[in-house]
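# Structural overview for review
Single-letter residue listing:
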Amino acid sequence: MNSLRPIQKRALALGINLEALPKHLAIIMDGNGRFATRQGLMRLWGHRQGYQTLKKVLLSSANLGVDYLTVYAFSAENWRRPEDEVSGLMTLIEEAARHELKGLRENNVRVRVIGRTHEVPLGLQEAIREMEETTSLNTGITFTLAINYGGRAEILDAVRGLLAEGADPATVTEETLSGRMYGPDLPDPDLMIRTAGELRWSNFLLWQAAYSELYVTDATWPEFGDEELLKAVVHYQKRTRKFGGLG
Ligand code: IPE
Ligand code: IPE
Ligand code: MG
């Protein structure tokens, strides 16, 4: 095939099987603050650099052939940070959502947002609604942003929903609960990447990541690029997924 995109050609050169890519890639985009601090700059500058990285990684993932990309943008626990960082992040996400709207629509990206979005500033809520609505019929990559997202909060919200409806415990299954998560139609992530070296989940997709393959790189999020992305896929394809069986 000579209709391969440049990133697919690079993937092939690294021995990646394009037929066995992770269908759903999830990323914990960590290390923006450290990246900035190391250079004597403000943490918010690091978040702005992280936004640039996200644009590139979304494009690369789509061009590579990944169907779903889900990224952790703001956790339900990140409100614990200093007020100026929190408001700076909220403003940055809102600006980015508005600024990228046209490009996302034209690039056939379907945008979803998961998390307790009713708790974020109204301007951001409006930008989220607009982004989801104008891209809902797109058929390319599904790009899910986790904003004010917590894995425990998500499970709790699912359980509360069932209890409120008076569900019969005997009929509640894992599928029932999966169907109550914020993105019930999203498949579970196959590969979970965390940047900046921490070996923890930080409350991301606790329910869905039960059998995700984890890949951690020391590169901070602003430093992450195509080379790192492809390296993670190479590692992923070397794993044997067993789901509790014998593989
Ligand atoms: C990740 O970078 C982005 C968010 C959590 C919003 P951090 O801000 O956590 O960066 P570090 O971990 O302090 O370096
Ligand atoms: C996880 O990173 C949240 C996001 C990337 C949005 P944190 O920086 O908040 O995680 P901890 O605090 O190091 O566990
Ligand atoms: Mg961090």
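Figured I'd write up the structure that's included with this text. (Residues numbered from 1 in each chain as written. Chains lettered and ligands numbered in written order. Predicted model: local features only at pLDDT ≥ 70, side-chain atom pairs only at ≥ 80, totals over all residues. Heavy atoms only, no water.)

### Digging into the nonpolar core
Of all hydrophobic cores here, the largest spans 47 residues; its most connected members are I27, L64, F143, I147 and I193. Take this core: its biggest share by element is seven residues, from helix α4 (residues 83-106). I193 has contacts with L25, A26, I27, I28, Y215, F224, L229 and A232, leaving out every residue within four places of it along the chain. Y72, I114, A146 and F204 belong to the second largest nonpolar core, which has ten residues in total. (Core = buried A, V, L, I, M, F, W, Y, C linked by side-chain atoms within 4.5 Å. Buried < 20%, exposed > 50% of the residue type's maximum accessible area, 1.4 Å probe, protein only. Helix = DSSP H or I, 4+ residues; strand = E, 2+ residues; numbered from the N terminus. Contact = heavy atoms within 4.5 Å.)

### So, helix α6 (residues 151-164)
With 14 residues, α6 should cover 20 Å at 1.5 Å per step; its first-to-last C-alpha distance of 20 Å lies within 8% of that length. Among the residues of α6, G151, A153, E154, A158 and L162 are the ones counted as buried. If you follow the buried residues of α6, they end up packed against β4 (142-149) and α7 (174-178). Backbone geometry just after α6 places G166 at a positive phi near 65°. (Expected span 1.5 Å × (residues − 1).)

### Here's the deal with the environment of G245
As for its placement among the helices and strands, G245 is situated in the segment after α8 (226-238). Each C-alpha atom of the pair G245 and T217 lies 28 Å from the other, and the pair is 28 residues apart in sequence.

### Details of the pairing of strand β3 (residues 110-114)
A large share of β3 lies buried, amounting to five of its five residues. Sheet topology places β3 next to β4; five bridges connect them, and they run parallel. Counted as the bridge partner of V113 is L145 from β4. Following the chain from β3 across helix α5 (residues 122-135) to the adjacent parallel β4, one finds a crossover that is left-handed. (Pairing = 2+ DSSP bridges. Right-handed = clockwise from strand over helix to strand, strands pointing away.)

### Section: the site of ligand 2
In the region of ligand 2, the neighbouring residues are I28, M29, D30, Y72, A73, F74, S75, N78, R81, R194, R200 and S202. One of the side-chain nitrogen or oxygen atoms of R81 is found 3.1 Å away from an oxygen atom of ligand 2. The separation between an oxygen atom of ligand 2 and a polar side-chain atom of R200 is 2.9 Å. Protein burial of ligand 2: of its 390 Å² of free accessible surface, 78% is covered by the chains. (Near = heavy atom within 4 Å. Polar contact = N/O pair within 3.5 Å; in protein donor to acceptor, adjacent residues only side chain to side chain. Areas by Shrake-Rupley, 256 points an atom, 1.4 Å probe, with all protein chains shown as cover.)

### What about the layout of surface pockets?
Leftover empty space is mapped by rolling, across the atoms, a probe with the size of a water molecule. Of the pockets and cavities examined, the second largest pocket occupies roughly 190 Å³. Lining the second largest pocket are E174, E175, S178, D188, P189, W207, Q208, A210, Y211, S212, R241 and F243. Taken together, the residues of the lining of the second largest pocket break down into five nonpolar, three polar and four charged. (1 Å grid on protein atoms, 1.4 Å probe; cavity = no way out; pocket = protein on both sides within 12 Å on 5 of 7 lines; lining within 4 Å. Points joined across faces, edges and corners; volume = space filled by probe spheres on them. Nonpolar A, V, L, I, M, F, W, Y, C, P; charged D, E, K, R; others polar.)

### Notes on the sheet that holds strand β1 (residues 24-28)
Think of a sheet as strands paired side by side through backbone hydrogen bonds, with each pair either parallel or antiparallel. If you walk across this open sheet you meet the six strands as β3-β4-β2-β1-β5-β6, and the pairing is parallel. Two strands in the sheet have a free side with no partner beyond their single neighbour: β3 and β6 (213-216). In this sheet, adjacent strand axes meet at a mean angle of 20° when their direction is disregarded. Here β1 runs beside strand β5 (residues 191-194); their pairing, made up of four bridges, is parallel. From the neighbouring strand, L25 faces β5, where its bridge partner is L191. The strands touched by α8 within the sheet are β1, β5 and β6, with β6 carrying the most contacts at an inclination of about 140°. (Axes fitted to C-alpha atoms, helices over the stretch in contact; angles between N-to-C directions.)

### Comments concerning the site of ligand 1
The local shell around ligand 1 holds 13 residues, among which D30, G33, R34, R43 and R81 are the closest. For ligand 1, an oxygen atom lies 3.3 Å from a polar atom in the backbone of G31. When isolated, ligand 1 has an accessible area of 380 Å², and the protein chains bury 86% of it. Of all the elements in the fold, those that place two or more residues in the shell around ligand 1 are α2 (32-38), α3 (43-64) and α4. Looking at the shell around ligand 1, the element that brings in the most residues is α2, giving three residues.

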